[in-house]
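One-letter residues, chain by chain:
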Amino acid sequence: MSRRASSLAVDAVNRFTPGNRVVLLRNGAEFFPALEQAIDAAAFEVWIETYIFADDASGRLIAAALSRAARRGVRVRVLVDGWGAKYYLTAALERDMIIAGVHLLKYRPEVSPWQFRSNRLRRLHRKLAQVDGRLAFVGGVNIIDDMNTPGHIPPRIDFAVTVEGPLLPSITGTMQRVWALCELVQFGSSDVPLFPEASRGERVGTQTAKFVIRDNLRHRRDIERAYLAAIRTAKREIILANSYFFPGITFRRALIAASGRGVNVTLLLQAKVEYMLLHFASRALYGQLLQAGVVIQEYHRSMLHAKVAVIDDHWATVGSSNIDPYSLLMAREANVFVRDRGFAMELKSVLMEMIEHGARRVQAERWAGRPRLYKAAIWIAYGIVRVAMGWLGYGGTEWFPGRRSPPD
């Protein structure tokens, strides 16, 4: 396949396409049984990409399914981020899969604490799977049990989708490309083509959707732009649920502008403190948003790991990308965007239930009256994050007004 043809195939990633079947999966409780069933039904290939592959109940469940598939002759490829593998994938579980015939590869395996480079933060954060080119999984669920939340109240709240239809070639193509890149960098060769042949997925449903990735080449801002396009055209309601929320200026202004024109904007954010610095830094943005009429709900019932949104009851997204510098500027991410009222209403129903039974609204008056020490802490954290991003060379005009952004 020529590079030009491959380029055209890649461009198709960002186009809404009809004829898909997209099914919402809530948490690992629905995700892992569906993934296990798909792997057990695989005829010739299984591909998985994940940031974390943990040696726990759910990780061992999926590892066993992958091993069964490999033993019966299915080609099984598992790509795990080097950082996530370091802390969750044990040598024993890795060895068991390799012995069974699973091809296991680590994305950027260099994680030495003694050698720090900014590009080490360019991790594989997306969570993808595809089976036989007929069924794919896209979302935010790592291969880790919902109840495996050290220091936090379980279960972890997250979402994924199964995808069938014309989106499949885009999903399978990007997985093949990243695998080939990793093998070429680490071993000098790969039996997987860097520019896979373009193909067409058959129409199997009625939903219009697109698959969007973020990388550090041609698709650096694609996910953010997809969000912004929907926010800027919203007419009635925006519900955005995100575990790590630290958007740039353009994103904040889009939300504020939407609220200013009468759109009901609700942010469902994490109340639990997982990463102290980002937790406090993100709260430095609350005042501006609350003054603009944006509703902020903090989810306290358990650990929120969701990366989803619903706009005007007909647009929705599920994926791996948070609205923070790590996801929007550094990591490889993947989201599915769906234009379908039924899907959007189903996701909205789940989010509204979470807000009603597990969230507390941040009141503008109380927020303005916080203790001075707390105000100082969040602004210090905000300053540290901004300085760190500048030192690492990330952010452009989105986080640092006046700086020239690199060309797209």
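Anything mentioned here points back to the structure above.
How each quantity is defined
Residues numbered from 1 in each chain as written. Predicted model: local features only at pLDDT ≥ 70, side-chain atom pairs only at ≥ 80, totals over all residues. Heavy atoms only, no water. Phe/Tyr/Trp six-rings, centres within 6.5 Å; stacked < 30°, edge-to-face > 60°. Lys NZ or Arg CZ within 6 Å of the ring centre and 35° of its normal. Helix = DSSP H or I, 4+ residues; strand = E, 2+ residues; numbered from the N terminus. Expected span 1.5 Å × (residues − 1). Buried < 20%, exposed > 50% of the residue type's maximum accessible area, 1.4 Å probe, protein only. Arc of directions from axis to C-beta. Polar contact = N/O pair within 3.5 Å; in protein donor to acceptor, adjacent residues only side chain to side chain. Contact = heavy atoms within 4.5 Å.

Visitor: Can you explain the packing of aromatic side chains? Please cite residues and give values.
Guide: Under the definition given, this model contains 13 aromatic pairs. Taken together through their ring pairs, the aromatic side chains of Tyr227, Phe251, Trp315 and Phe337 make up a single cluster. For the cation-ring pair, lysine 86 lies above tyrosine 87, with the distance from its terminal atom to the ring centre recorded as 5.7 Å. Taking NZ or CZ as reference, arginine 370 lies 4.0 Å from the ring centre of tryptophan 367, over its face.

Visitor: Residue-level account of helix H12 (residues 341-358), with values.
Guide: When the terminal C-alpha atoms of H12 are compared, their 25 Å separation across 18 residues agrees well with the 26 Å that a helix rising 1.5 Å per residue should span. Of the residues making up H12, those classed as buried are Phe343, Ala344, Leu347, Lys348, Val350, Leu351, Met354, Ile355 and Gly358. Taken end-on, H12 shows its buried residues confined to a sector of 160°, consistent with a single buried face. Those residues of H12 that are exposed and aimed more than 90 degrees away from the buried face are Arg341, Glu353 and Glu356. In this structure aspartate 340 caps H12, since a side-chain oxygen of it lies 3.2 Å from the backbone nitrogen of glycine 342.

Visitor: So, the environment of arginine 156: which residues are in play, and what are the values?
Guide: Looking at the secondary structure, you find arginine 156 in strand S7 (residues 156-157). Take arginine 156: its relative accessible area is 10%, and that puts it in the buried class. Residues arginine 156 and leucine 304, 148 residues apart in the sequence, show an inter-C-alpha distance of 6.0 Å. Not counting residues within four places of it along the chain, the set of residues in contact with arginine 156 comprises Asn27, Ile144, Asp145, Asp146, Asn148, Thr149, Met303 and His305. A distance of 2.6 Å separates a polar side-chain atom of arginine 156 from the backbone oxygen of asparagine 148.

Any functional reading would require information that these geometric values do not contain.
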